[in-house]
Amino acid sequence: MTVWHGGGRRIYMNEVGTRDGFQAESAFIPTEDKIAMVNALSHAGMNKVEVTAFVSPKVIPALRDAEAVMQGIERVPGVVYSALVPNLKGAERAMACGVSELNLVMSASESHNLANLRMTRDQSIDALSQVVDAAKRASVPVNISLSCVFGCPMEGDVPESDVFALCERFVGGMGVAGVTLCDTTGMAYPGQVRTLVSEFKARWPQAELTLHFHNTRGMGLSNVLAAIDAGADRFDASLGGIGGCPYAPGATGNVCTEEIVHALELMGYDTGVDLAQLIEASNRLPSLIGHDTPSQIVKAGRRLDLHPLPKDMDAIRERALGATPRATV
């Protein structure tokens, strides 16, 4: 049995709410509010912030201000400012705004790739190879996010051989520095996570591995802990637990950033994140998106956020002390 005590081990937290979360919202969040949120997350100590996505405004109108947001944010030293790009045109737009990293995306599942990107997996690889080449010429790091690694809502289990063949194409073939294994539909479970992470680390120890979990079936934190146990130390999470995928039926938001940070800190891990600042930022979300968020930390507070004593506690104590003790059996 694993005994969870981090011993100060460093865990790197990547915020995706400002892209994965905001893109799923029906209400358009004003540009200045997006910028303020990214700045708040940067100062809270997030390792990486996925700021936005450089996609067609017709496809994701919620992120139609990608250039303005990326150009308007404060660049805090040590924070990686990433952006999702679907193709070469998006990559060129992102690099013109000075992104720290390009995040590419395709699915490990053929059906999900067709539904989400309107391309076969081979077509996606060809298109993304052009982005990788352009990024290399500009000396911009690239991360590839592979969706549906832990299961596809249309196909079921995705063969590990398919997942690792794609990793080899990008890491071994193209020299991509980072890979994110994504549980797009919340189908992952701890044993599966532990196996995939261990195998990935054994095959590509030099690659920067990130895990991206959704909490669709309530196993988000369990999967994070299983990944840590297998050697992972980088995780995507979304402020307030917002987010989702339109082509993943029933999928809920990403694992909640403040919940994961809260849990890991109690276990002795070093996230580098100021939890109080993170919660303050999360408290702003309902007014921005127009509805409540799933965050239990915002609702209930941290473990030791104590409540005041009743105002009549002295009278209650006096009555208790003056009462006749009850007989015990």
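Residues numbered from 1 in each chain as written. Predicted model: local features only at pLDDT ≥ 70, side-chain atom pairs only at ≥ 80, totals over all residues. Heavy atoms only, no water.

Per an unreviewed UniProt entry, the protein goes by the name Hydroxymethylglutaryl-CoA lyase and belongs to Pandoraea aquatica.

> How would you summarise the overall build of the protein if you had to cite specific residues and measurements?
Counting its secondary structure elements, the protein contains 14 helices and eight strands. For a compact globule of 329 residues, the expected C-alpha radius of gyration is about 20 Å, and the protein comes in at 22 Å, within 12% of that figure. Per-residue burial for the protein yields a buried fraction of 50% across its 329 residues. On the protein, roughly 14,800 Å² of surface is accessible, and the fraction owed to carbon and sulfur atoms is 53%. Positive and negative side-chain charges in the protein, numbering 28 and 37 respectively, have mean positions lying 1 Å apart. (Helix = DSSP H or I, 4+ residues; strand = E, 2+ residues; numbered from the N terminus. Rg over C-alpha atoms; globule rule 2.2 N^0.38 Å. Buried < 20%, exposed > 50% of the residue type's maximum accessible area, 1.4 Å probe, protein only. Areas by Shrake-Rupley, 256 points an atom, 1.4 Å probe, with all protein chains shown as cover. Lys, Arg positive; Asp, Glu negative; His and termini not counted. Charge placed at Lys NZ, Arg CZ, Asp CG, Glu CD.)

> Talk me through the packing of helix H4 (residues 88-96) against helix H6 (residues 121-137); I want residue IDs and the actual numbers.
Contact pair H4 / H6: the axes reach a minimum separation of 9 Å and the direction vectors enclose 25°. In terms of axis orientation, H4 runs roughly parallel to H6. Like other packed secondary-structure pairs, H4 and H6 cross with a definite hand, here right-handed. Where H4 abuts H6, its residues Leu 88, Ala 91 and Met 95 lie against Gln 130, Val 131, Ala 134 and Ala 135. (Axes fitted to C-alpha atoms, helices over the stretch in contact; angles between N-to-C directions. Parallel < 35°, antiparallel > 145°, perpendicular 65-115°, else oblique. Left-handed = near helix turned anticlockwise from the far one by under 90°. Contact = heavy atoms within 4.5 Å.)

> Please give an account of empty space enclosed by the protein that cites residues and values.
Scanning all chains against the criterion turns up one cavity of 30 Å³ or more. Volume-wise, the largest cavity comes out at about 90 Å³. Around the largest cavity sit 13 residues that line it, and Lys 48, Glu 101, Asn 103, Thr 180 and Asp 236 are the ones nearest its centre. Those elements that place two or more of their residues in the lining of the largest cavity are strand E1 (12-15), strand E2 (48-53), strand E4 (101-107) and strand E5 (142-147). Class assignment of the residues belonging to the lining of the largest cavity gives a composition of one nonpolar, seven polar and five charged. (1 Å grid on protein atoms, 1.4 Å probe; cavity = no way out; pocket = protein on both sides within 12 Å on 5 of 7 lines; lining within 4 Å. Points joined across faces, edges and corners; volume = space filled by probe spheres on them. Nonpolar A, V, L, I, M, F, W, Y, C, P; charged D, E, K, R; others polar.)

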